[in-house]
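# Residue-level structural notes
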Amino acid sequence: MTDEAQHAAAVSPEQALGWYRQMVHIRKFEEKVVELSGRGLVSGSTHPCIAQEAVSVGCISALNAEDLVLATYRGHGTFLARGGDPKAAMAEILCRETGCCKGKGGSMHLCDPDIGFLGTNAIVAAHIPIASGVALANQLKKTNRVTLCLFGDGASCEGAFYETLNMVALWKVPVVLVCENNGYAISVPVKKSLSVPEIATRAQGFDMPGISIDGNDIAEVYETTRRAVERAREGGGPTLIECRTVRWERHSALSAGFYESREERKRWQVVDPIPRFRTVLTGQMAVQASVLEEIEQEAEEAAEDAAEFAIRSPLTGTAQLEQDIFA
Amino acid sequence: MTDEAQHAAAVSPEQALGWYRQMVHIRKFEEKVVELSGRGLVSGSTHPCIAQEAVSVGCISALNAEDLVLATYRGHGTFLARGGDPKAAMAEILCRETGCCKGKGGSMHLCDPDIGFLGTNAIVAAHIPIASGVALANQLKKTNRVTLCLFGDGASCEGAFYETLNMVALWKVPVVLVCENNGYAISVPVKKSLSVPEIATRAQGFDMPGISIDGNDIAEVYETTRRAVERAREGGGPTLIECRTVRWERHSALSAGFYESREERKRWQVVDPIPRFRTVLTGQMAVQASVLEEIEQEAEEAAEDAAEFAIRSPLTGTAQLEQDIFA
Amino acid sequence: MREITYSQAINEAIREEMRRDPDIVLLGQDIGVYGGTFGVYRGLCEEFGEDRVRDGPLSEAATAGFGIGLAVAGMRAIVEIEFMDFSPLILDAVANQASKMRYFFGGKVKVPLVLRMPSASKLGLGAQHSQSLESWFMHTPGLLIAMPSTPYDAKGLLKTAVRQDNPVIFIEHVRLYATKGEVPGEEYRLPFGSARIVREGSDVTVVAIAMMVQEAVQAAGELEKEGISVEIIDPRTLAPLDGETIVESVKKTGRMVVTHEAYRTAGVGAEIGQVALEGAFDYLVAPIRRVAGKDQPIPAGPLQDEVFPDRDKLAAAIRDLMEEG
Amino acid sequence: MREITYSQAINEAIREEMRRDPDIVLLGQDIGVYGGTFGVYRGLCEEFGEDRVRDGPLSEAATAGFGIGLAVAGMRAIVEIEFMDFSPLILDAVANQASKMRYFFGGKVKVPLVLRMPSASKLGLGAQHSQSLESWFMHTPGLLIAMPSTPYDAKGLLKTAVRQDNPVIFIEHVRLYATKGEVPGEEYRLPFGSARIVREGSDVTVVAIAMMVQEAVQAAGELEKEGISVEIIDPRTLAPLDGETIVESVKKTGRMVVTHEAYRTAGVGAEIGQVALEGAFDYLVAPIRRVAGKDQPIPAGPLQDEVFPDRDKLAAAIRDLMEEG
Ligand SMILES: Cc1ncc(C[n+]2csc(CCOP(=O)(O)OP(=O)(O)O)c2C)c(N)n1
Ligand SMILES: Cc1ncc(C[n+]2csc(CCOP(=O)(O)OP(=O)(O)O)c2C)c(N)n1
Ligand SMILES: [Mg+2]
Ligand SMILES: [Mg+2]
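These lines cover the structure that appears in this document, whether it is placed above or below.

Residue and element names in this part refer to chain D. Within the open sheet, the five strands sit side by side as S9-S11-S10-S13-S14. Their pairing is mixed. Only two strands of the sheet have a single neighbouring strand rather than two, namely strand S9 (196–199) and strand S14 (289–293). Within this sheet the neighbouring strands show an average axis-to-axis angle of 25 degrees, counted without direction. Both strand S10 (residues 204–208) and strand S11 (residues 230–234) contribute to a ladder of four bridges, which runs parallel. Each residue of the ladder has a partner; that of Val204, found in S11, is Val230.

Next up, the structure:
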């Protein structure tokens, strides 16, 4: 039995199927975004989370409805995994009035406090202390809510990350820090940016647990996060979880290559969490292939619907320009 | 035999006496500065390194003449230990034309590149990456010179410190980072600012050696630094050395108390490195008390001379105002 | 009316607001028993406890980020930066996050956050502890900025700041902390965007910021003896800036001098000058002048006096201006 | 003469200087094989090796600090910041260290450091990737600041920048990278503090920064048909600023518009306006106007066009100004 299969063994078929559905929905959504970007419909650039779906889905499914999430520009998957409306997301990415941020944020800024999703951010690492402040507020208010913060390997090199590690460890802030180590910050491979092979090691200097896991093994992501969330909820303080994953072929839909070999660029397909998890489902969980095909179909339609909705929505107009600067 | 005595056993009497002389000179110098500050002669405030002399003297004596040093506003001792001219230092502190920085830097900015002393800084932690850049330059130029950087426990909480740890560990930069953990950042005790009891622990997350030692045991400071310098010089990369010490009674000559007990404020006297080392000298090294008295006398005179020199020097005048802005 | 210091006024404002609103949390360094680097928070930790008066590590960037997080999560954070000189460390949090977050999230969040920071001058601490950097913040849309010059304004503006649902940069001045002034015991709050006419006059308008208000009053007293009538305006808040009051005054006097301790070039004086020029061009009989900090690093020691403006330099500039037109 | 792009001009400048001076080291992120976020460094890593073209971690603050250290230790560092929007992260290193260090050390060190950073606009990337923040740096004494608008100026100014023994902020523009212009093959360098008169005219002086130079040229072409003669000045460097050329021009035309993409309030336009006012007051027949970025966070998507100035907005402002006086 593979590690993956072993980890999945603890999971109910419903939950497993739910994860699969979410991952496929995210995948189709992101593929659609890339397509629309190719057609010139996406403002600026967009950073697909393709191949990293297991991280978003796995860790967010370990949260309660009351918990909170903050993520990065590569966070469409986290928004959807948290239950964000794909139409509102797509409309946001296409800068439409119907977008979740009224089309003023764009691809890098999705937000929906109603589902506890406090937004994605385009300054690398800046949201890590912000997420921790959100968690501190909940600690002070004794709400029992846990805050989850996702960020990349590149972000783990910024001062704000380390300062935050110290503060959350010191104050036992109920935050779970999930680092999606996808091997690159734009073109810089982790071996050129990190003095240690594993980002989880950083936690050692701060007296907080740091765990490095296979981020493409969704059941492992789920279980590791679940334990960290429980620990945080019980007052045990923060955890740093490194999810080792692989980035999709480029940094963004628009960015260039040059820095990696052809094989390296295709590596994500080898470790792709979706087919991996499909094997688990059709194997030990005996899910019928037709069920999975149906999910795929449904996801494609949802992405198509989201795209149509977005395209049919009006671009955010001048009436919105000066709104929402001040409260 | 005390730890201290044991550590000192490896040291020649000349070296030991040299250390003692330097420590006493620094002490008398700083006491003089406090006195002049009380008399209103020091511009702004001043941050005595009283009780921390063993760190400056111990680690700087482990360097070659070619090596480089950067330190903080609490760095008068480092300047003097590196062979800086006490007259030029005192004149700088009193903002005189004859000061080592022409009286424009003041107490927090002493500098003398001729002795490899690249200055003290008043923005906490900002000089840590700068020192490391100096070290990188020497690595690139293959000069064989090592750079020593001193900073406080408070500085170890700033993002710039951690970013630097990663970069110097990654690039094996020949820098030795000496953290003077004197228990406080102004009023904030380390237990309120650090998530770990020992700052040396931080190094664990960066795959570089981190060593915590008694910073008031000069022989231990020397020996630990010597090994780290050797390692750096041989291409082994950086080391973080935490020197546990105790701050003099206040943050600065002008700052208020309020936050600590009376005993706490006097704690430095209990661990004072000077009497401690005197015991070693008069004990196992059989140095005569008269020799030590002579040193004390000489140090007092040197401080007095420095003060007189400074006071007699003209305050930096308008002619200097617009000099040295651009090279 | 009772007189209290600027420092006490700030202390009272925060104390009153914290009593009213249990969601207010103070972050910073040395703000606990020490009472803040300049003692402004004395007694607050004792009254409100360490959870709400939260002494923290020397990590300004993350501390500001935590403040934003607290705000976004429905609390109100007041973050103290020990000297305004250190504000670059929080500028990303302020300029790329706090000031823009509500906008790029399409109004889905609000950021009730006050960043208190003293500017300083002539403390003899040298280049890294003597700066007034309000211009950087004024060039950052999405912020409110107050810069009070009296105890009365400090208290009234700070109470307003704390009740904003927006990020506020609250700039104090170290050399004002000990100054005294009348402050009513009763509750009051002052609006942002409303300048104070410190003194009426007819020959020249002086717009003075922070520490320079006092200096301007002194200079005006001197000049009065020489027959020059000076009107002094303290904008009190830089964002929003009460351009109207300034423009009206310049229309009356036909002359303007802006004075601040901050570096002259690209300082707020340039902006205020342009506002006056754009609004009162036809009334100007002489160019607008600036009496500001010299454009250079600030030396430690008495030499520092050369770089800062003061009453004498201001008076001299006004005399020159009266001769020009 | 041969034409190359702005991006190639920068690449050539650095390549030539690195060939000349083995002490030059490049720091930044994605500057190795990737050739820089915008490809400006293409081929440099291959030619000069990874020691000198040093791809590093996402640690802007420390990277800037390392750059200062290299400079102080006798090398020359060129640090790339990927977008000027991220410059708050290096502002402490720049404003409290690089720009002041020589001064507070009484001339004992020098800091030959170039900080390259592109400003951007209309890329559709939203509030955190669209800013021009030169005003912050202009308000920081001790810096040299260049902001070229053509390939020729970019190369000539960058070569000068790299030979300075002082910190230089070198601001490029993402939307200029692909623009072409004549650049001689022979060695040349351009002085700082010398504005370029882009176009002569007699009715109004337009001082245009970076991207707005092109827009101004277009607007001037339109206006010429209407009988309005526009003189365009590109300051090229903001520190030092060639106030003399600007003042002379305003003395001739009597009218001025300053235009930049940066936020209007407390932008460099205010400073340039004051310089003109102080120097040419008696010649002004109308108030100085600013055509600048709107004071608000920048939206993603096509709505962004509303916040940035362009040729039409500039032309409209000039027409208005001509009517005013
Ligand atoms: C502070 C900052 N520096 C640089 C950038 C430019 N940038 C955008 S994404 C990125 C890479 C980040 O890498 P990582 O954190 O690993 O996230 P990933 O893109 O791999 O998901 C960089 C350098 C930025 N947005 N913010
Ligand atoms: C970035 C920055 N933040 C705050 C300060 C104000 N400040 C000056 S010294 C100091 C304490 C620093 O403590 P530590 O690093 O332990 O050094 P020590 O004074 O104990 O030697 C503080 C907070 C500063 N100078 N720079
Ligand atoms: Mg990555
Ligand atoms: Mg300390």
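The next thing to look at is the interface of chain D and chain A. At the interface, 29 residues of chain D touch 36 residues of chain A. Taking both partners together, chain D and chain A bury about 2,600 Å²; carbon and sulfur atoms supply 61% of that area. Its largest share of buried area at the contact with chain A, chain D owes to D:Tyr34, D:Leu58 and D:Leu303, together 24% of the area lost on that side. Of the charged contacts in the structure, one is a salt bridge between D:Lys294 and A:Glu322, with a shortest N-O distance of 2.4 Å. Scanning the region where chain D abuts chain A turns up 14 residue pairs in polar contact (both at pLDDT 80 or more).

Residues in close proximity to ligand 1 total 21 residues, the closest being A:Tyr73, A:Arg74, A:Gly154, A:Asn182 and D:Glu60. In this structure, an oxygen atom belonging to ligand 1 sits 2.8 Å away from a main-chain N or O atom of A:Gly154. Notes on ligand 1: free accessible area 580 Å², of which the protein chains cover 96%. For the shell around ligand 1, a count of residues per class yields eleven nonpolar, five polar and five charged.

Another point: the coordination of the magnesium ion (ligand 4). All names here are of chain B. Around the magnesium ion (ligand 4), the protein contributes the donor atoms Asp153 (OD), Asn182 (OD1) and Tyr184 (O), which lie 2.0 to 2.1 Å from the metal centre. Within one chain, the residues serving as donors to the magnesium ion (ligand 4) are arranged as D-x28-N-x1-Y. Here the residue Asp153 occupies a position in the loop between strand S3 (147–152) and helix H7 (159–171), and Tyr184 occupies one in strand S5 (residues 184–185), the gap between them amounting to 31 residues. For the pair Asp153 and Tyr184, one class covers both residues: buried.

Rules of the game
- Residues numbered from 1 in each chain as written.
- Chains lettered and ligands numbered in written order.
- Predicted model: local features only at pLDDT ≥ 70, side-chain atom pairs only at ≥ 80, totals over all residues.
- Heavy atoms only, no water.
- Pairing = 2+ DSSP bridges.
- Helix = DSSP H or I, 4+ residues; strand = E, 2+ residues; numbered from the N terminus.
- Axes fitted to C-alpha atoms, helices over the stretch in contact; angles between N-to-C directions.
- Contact = heavy atoms within 4.5 Å.
- Buried area = accessible area lost by both parts, 1.4 Å probe.
- Salt bridge = Lys/Arg side-chain N within 4 Å of Asp/Glu carboxyl O.
- Polar contact = N/O pair within 3.5 Å; in protein donor to acceptor, adjacent residues only side chain to side chain.
- Near = heavy atom within 4 Å.
- Areas by Shrake-Rupley, 256 points an atom, 1.4 Å probe, with all protein chains shown as cover.
- Nonpolar A, V, L, I, M, F, W, Y, C, P; charged D, E, K, R; others polar.
- Donors = N, O, S within 2.8 Å, 3.2 Å for Na, K, Ca; no water.
- Buried < 20%, exposed > 50% of the residue type's maximum accessible area, 1.4 Å probe, protein only.

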